Amino acid sequence: MPGDSTLPFDPIDRAALLWEKHIGTSTSMRLATSIMRVQQLIIADLDAALRPLGITFARYEVLVLLSFSATGQLPLSKIGARLMVHPTSVTNAMDRLEGQGLVRRVADKADRRRTFAELTAEGKKVLAEATAKIMAIDFAIDGLGVGQQDQAYDLLRHLRASAGDFDDQAD
């Protein structure tokens, strides 16, 4: 985690040198490893900011998604699709959020096979507090100006589209 044990060198640069010596070109390995490390650092900072509220960033995403719903409810399957996570992850997050009284499950009266999730009054309160905390640390994006953030987003969006994450032509 940040600051816990700062190394006197960049371990990814060191790994890249060793990769080049033993395997070959390190360009892709170095970038993939850097992306994974940045993801770890950002999640650690976001989770630390939200810990006093008893939620993780993954659970915060569920709360935000529900708050964006036009009807105030979303089917659990749609939550998984929108957040691009496995149904098991949605169930786990819902169990914890429901246990905390932040969301509730509501049966679909028209289709008993489907269950909706909706925010509770307490969930809306925690969401507002959590959003303030996340905004106060600028989503843990340190060291990049707005223009650089836009450039990084565009590059990563292109990688996601190339991997088939979404239909780039549908926008």
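Structure: see above.
These numbers come from a predicted model, not from an experiment.

Caption draft 1: Quick peek at the overall build of the chain. Check the secondary structure of the chain and you find 7 helices and 3 strands. Starting at the N terminus and walking to the C terminus, you meet the elements of the chain as α-α-α-β-α-α-β-β-α-α. A globule of 171 residues ought to have a C-alpha radius of gyration of about 16 Å, yet the chain, at 20 Å, is considerably larger. Projected onto the principal axes, the alpha-carbon positions of the chain cover approximately 65 × 40 × 30 Å.

Caption draft 2: Spotlight on the sheet that holds strand β3 (residues 115-119). Pairing is antiparallel in the open sheet, where 3 strands are placed in the order β1-β3-β2. Here the strands that pair on one side only, and so sit at the sheet edges, are β1 (73-75) and β2 (103-107). Each strand of the sheet is rotated relative to its neighbour by a mean of 35 degrees, with strand direction disregarded. Examined bridge by bridge, β1 and β3 share 3 bridges and lie antiparallel to one another. Bridge assignment links Gln 73 to a residue of β3, and that residue is Glu 118. Where helix α4 (residues 76-83) meets the sheet, its contacts fall on β1, β2 and β3, and the angle it forms with β1 comes to roughly 85 degrees.

Caption draft 3: Expanded view of the pattern of salt bridges. A complete count under the given rule lists 7 salt bridges for this structure. Across the pair Asp 165 and Arg 160 runs a salt bridge whose closest N-O atoms are separated by 3.1 Å.

Caption draft 4: Representation of a nonpolar patch on the surface within the structure. Residues Leu 31, Ile 35, Leu 156 and Leu 159 make up a contiguous nonpolar surface patch of about 330 Å² in total accessible area. Mapped onto the nonpolar patch, the elements with two or more residues apiece are α2 (27-50) and α7 (146-162). Within the secondary structure, Leu 156 is located in helix α7. Relative accessible area serves as the criterion here: at 39%, Leu 156 is assigned to the partly exposed category.

Caption draft 5: Inspection of the layout of surface pockets at higher detail. In this structure, the largest pocket encloses a volume near 1600 Å³. If you trace the largest pocket, you find 33 residues lining it, with Val 38, Gln 39, Ile 42, Ile 141 and Leu 156 closest to the centre. At the level of elements, α2, α3 (57-68), α4 and α7 are the ones that each hand at least two residues to the lining of the largest pocket. A breakdown of the residues in the lining of the largest pocket according to their chemical character gives 22 nonpolar, 3 polar and 8 charged.

Caption draft 6: The arrangement of the packing of aromatic side chains in detail. A full pass over the atoms with the stated rule returns 2 aromatic pairs. Seen in terms of ring centroids, Phe 57 and Phe 139 are 6.4 Å apart; in terms of plane orientation they differ by 85 degrees. Their pairing is edge-to-face. With Phe 57 in helix α3 and Phe 139 in the loop between α6 (121-136) and α7, the pair connects residues that are 82 residues apart, well separated along the chain. On the accessibility criterion, Phe 139 (33% relative accessible area) is partly exposed. One aromatic cluster in this structure is built from Phe 57, Tyr 60 and Phe 139.

The rules we used
- Here the residue numbers are simple positions, counted from 1 along each chain's written sequence.
- For this predicted model, a pLDDT threshold of at least 70 governs which residues receive local features, and a threshold of 80 or more governs which side-chain atom pairs are given and counted, while totals over whole chains, interfaces and linings are taken from all residues.
- As a rule here, side-chain values cover all heavy atoms of the structure and leave hydrogens and water aside.
- Strands here are runs of E lasting at least two residues and helices are runs of H or I lasting at least four, both read from the DSSP assignment and numbered beginning at the N terminus.
- C-alpha atoms define the radius of gyration in this analysis, and the globule rule sets the expected value at 2.2 Å times the number of residues to the power 0.38.
- DSSP calls a pair of strands paired once it identifies at least 2 bridges connecting them.
- Axis definition: a line fitted to C-alpha atoms, over the contacting stretch in the case of helices. Angles run 0 to 180 degrees between N-to-C directions.
- Residues are treated as being in contact if the distance between any of their heavy atoms lies within 4.5 Å.
- Definition used for salt bridges: Asp or Glu carboxyl oxygen within 4 Å of a side-chain nitrogen of Lys or Arg.
- Think of a patch as exposed residues, more than 30% relative accessible area, with no salt bridge, where like charges cluster within 9 Å and nonpolar side chains (Val, Leu, Ile, Met, Phe, Trp, Tyr) cluster within 5 Å.
- Each accessible area is a Shrake-Rupley estimate made with a 1.4 Å probe; only the visible protein chains count as cover when residues are assessed.
- The classification of residues rests on relative accessible area computed with a 1.4 Å probe and restricted to protein chains. Under 20% of the type maximum is buried, over 50% is exposed, and intermediate values are partly exposed.
- For each structure, a 1 Å grid was placed over the protein atoms alone; sets of points admitting a 1.4 Å probe that cannot get out are labelled cavities, open sets with protein on both sides within 12 Å along at least five of seven lines are labelled pockets, and lining residues have an atom within 4 Å of a point.
- Grid points are joined across faces, edges and corners, and a volume is the space filled by probe spheres set on the points.
- As a working rule, the residues Ala, Val, Leu, Ile, Met, Phe, Trp, Tyr, Cys and Pro are called nonpolar, Asp, Glu, Lys and Arg charged, and the rest polar, with Gly in that last group.
- Planes of paired rings set the category: under 30 degrees apart is stacked, over 60 is edge-to-face and the rest tilted, where pairs are Phe, Tyr or Trp rings (Trp by its six-membered ring) whose centres lie within 6.5 Å.

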